[in-house]
Amino acid sequence: MEISVARKRLEEMRADLDRTVSVLIGEHHLVRGGGAEPGDAGQNLTEADRNAASVQAAMTHRAEVLAALARIDDGSYGRCTDCGGPVPEPRLEARPATSRCVPCQTKRDRRR
């Protein structure tokens, strides 16, 4: 993938994630806010938990995007962070923030 195209896609992803986190945090405050019926407390807690998990997932993805942008800046974008081999173009096109080739990512997933 052309580096300028990758940078543009990653910057767009970062902006989208920033907006998503802002919206989710705003919803979190609404869910935590007062005025709910006492019987709704359990539902509000569940919604707040789901919201917190969504914020955490978005922040994790944002960190991956920022790391990919840093790899572009240091010239290592498109190289696997584990083995140093090339990350295939189709993988970078599908997941521009990826840091590993398929075999290394598979190994990492299995260890989890």
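The structure under discussion appears in the preceding block.
A brief report on the enclosed structure follows.

### Some points on the overall build of the chain
Logical step 1: Check the secondary structure of the chain and you find four helices and zero strands.
Logical step 2: Secondary structure elements in the chain, listed N-terminal to C-terminal, are α-α-α-α.
Logical step 3: Counting across all 112 residues of the chain, residues that qualify as buried make up 29%.
Logical step 4: Within the chain, contacts between residues at least 6 apart in sequence are counted, and of these 53% link residues at least 24 apart.
Logical step 5: For the chain, the accessible area works out to roughly 7,200 Å², and carbon and sulfur atoms hold 53% of it.

### Section: the pattern of salt bridges
Logical step 1: Within the structure shown, the criterion is met by five salt bridges.
Logical step 2: We note a salt bridge from R7 to D73, for which the minimum N-O separation is 2.7 Å. Residue R7 is found in helix 1 (residues 3–32), and its partner D73 is found in helix 2 (residues 41–74); the two are separated by 66 residues along the sequence.
Logical step 3: Residue R19 is joined to D16 by a salt bridge in which the shortest nitrogen-to-oxygen separation is 2.2 Å. Of this pair, R19 and D16 are both found in helix 1, three residues apart, which corresponds to roughly one turn of the helix.

### Examining the side chain of Q105
Logical step 1: With respect to the secondary-structure elements, Q105 resides in helix 4 (residues 102–111).
Logical step 2: When residues no more than four places from it in sequence are discounted, the contact partners of Q105 are R91 and R100.

### Points about the environment of A52
Logical step 1: With respect to the helices and strands, the residue A52 is situated in helix 2.
Logical step 2: Residues A52 and I25 lie 27 residues apart in sequence; the distance between their C-alpha atoms is 8.2 Å.

Cut-offs and rules
Residues numbered from 1 in each chain as written. Predicted model: local features only at pLDDT ≥ 70, side-chain atom pairs only at ≥ 80, totals over all residues. Heavy atoms only, no water. Helix = DSSP H or I, 4+ residues; strand = E, 2+ residues; numbered from the N terminus. Buried < 20%, exposed > 50% of the residue type's maximum accessible area, 1.4 Å probe, protein only. Contact = heavy atoms within 4.5 Å. Areas by Shrake-Rupley, 256 points an atom, 1.4 Å probe, with all protein chains shown as cover. Salt bridge = Lys/Arg side-chain N within 4 Å of Asp/Glu carboxyl O.

Coordinates in, geometry out; function isn't part of it.
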